[in-house]
Amino acid sequence: MTADLAKYTDLHIFAKAHPERFYQMGMAEQLLLAAAAGMAHEGFVPFATTYAVFATRRAYDFMHQAISEEGLPVKIVVALPGLTTGYGPSHQAAEDLALMRAMPGMTVLDPCDALEIEQAVPIIAAHAGPVYMRLLRGQVPLVLDEYDYQFELGKAKLLRDGADVLIISTGLMTMRALEAIDWLKSDGIDAAVLHVSTLKPLDEQTIVNEASRQGRMVVVAENHSTIGGLGEAVAAVLLRSGVTPAFRQIALPDEFLDAGALPTLHERYGISAEAMARSITTCGLTVIAAAT
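Residues numbered from 1 in each chain as written. Predicted model: local features only at pLDDT ≥ 70, side-chain atom pairs only at ≥ 80, totals over all residues. Heavy atoms only, no water.

Caption draft 1: Up close: the packing of helix 2 (residues 29-41) against helix 4 (residues 60-68). Running from N to C, helix 2 and helix 4 cross one another at 5 degrees; their axes reach a closest spacing of 9 Å. By the angle between their directions, the pair helix 2 and helix 4 is classed as roughly parallel. Here Q30, L33, A34 and A37 of helix 2 come into contact with helix 4, specifically with F62, M63, A66 and I67. Its residues assigned to classes, the contact of helix 2 with helix 4 comprises seven nonpolar, one polar and no charged. (Axes fitted to C-alpha atoms, helices over the stretch in contact; angles between N-to-C directions. Helix = DSSP H or I, 4+ residues; strand = E, 2+ residues; numbered from the N terminus. Parallel < 35°, antiparallel > 145°, perpendicular 65-115°, else oblique. Contact = heavy atoms within 4.5 Å. Nonpolar A, V, L, I, M, F, W, Y, C, P; charged D, E, K, R; others polar.)

And the structure:
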């Protein structure tokens, strides 16, 4: 099911292959989610797709009342999450994870690459309740195939180990973290990458276990506002568990973001691989020196 965006989310391919299972709901996101709820009531498993800003900001109440409160198996799969478009605040969903994490009963995913998206789709289809999943648009890279990766709902995975810094990342930022570790290595910083694709329910035990290693700074990297996303979720888990490493966030600022070319914006707001590496190097060398 789509809200007039089949061309822009590549659903026209599905529509051609399965016309009897494709529904074009028009430019009406509230109707999209309400109709998806009705189909779920009748025993179907609808995938409702639109841009993240339209699903979360325009149709939040319909999602809350018609889908989540009823515990229906509607899968809300969204394009352009966080800062993945240069069209400015009207299209940049920098606060979507905060909104969706706060919704009772909602499972929240932010996959890293094409492999994980492919693995996650049948798993969320089989999941009994509602799911909100971010989806990168266009030619999504393959990254996790190098790590013999297997998606598990609710499980964080350690992709690379390292002694000095633990990068806890999700979605697009896991790609950036895996690029940044090469920059960090040249500065003498040995970094680990823990990929968290399920933000809710959060794999608290793995996060606590990895963050408990002595002398290792924890950096949470996310394509989302500093408020209400993975960074604050991890910080809360660590505080409740009595684990208090040096802690930093790499995330989007709490402001309306600029329009422009994505590489320029990612560098400006600190979520490019090089900007991430610079930020971690600045903090990491200080922490390493203090520990020694």
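That was the structure; now back to the text.
Caption draft 2: The arrangement of the pairing of strand 10 (residues 247-252) in detail. Strand direction decides the pairing type here: strand 9 (residues 217-225) and strand 10, joined by five bridges, are parallel. Residue pairing for strand 10: S225 is matched across the bridge by L252. (Pairing = 2+ DSSP bridges.)

Caption draft 3: Spatial organisation of the sheet that holds strand 6 (residues 165-169). Overall, mixed pairing links the five strands, which are arranged 5-7-6-9-10 in an open sheet. Unpaired on one side and paired on the other, strand 5 (157-160) and strand 10 mark the two borders of the sheet. For this sheet, the mean angle separating the axes of adjacent strands, direction not counted, is 25 degrees. As paired elements, strand 5 and strand 7 (residues 191-195) share three bridges and run antiparallel to each other. For R160, the partnering residue across the bridge sits in strand 7 and is V193. Where helix 7 (residues 172-186) meets the sheet, it contacts strand 5, strand 6, strand 7, strand 9 and strand 10, and its direction lies at approximately 175 degrees from that of strand 7. Strands in contact with helix 9 (residues 230-241) are strand 6, strand 9 and strand 10; relative to strand 10, the strand with the most contacts, it is inclined by about 160 degrees.

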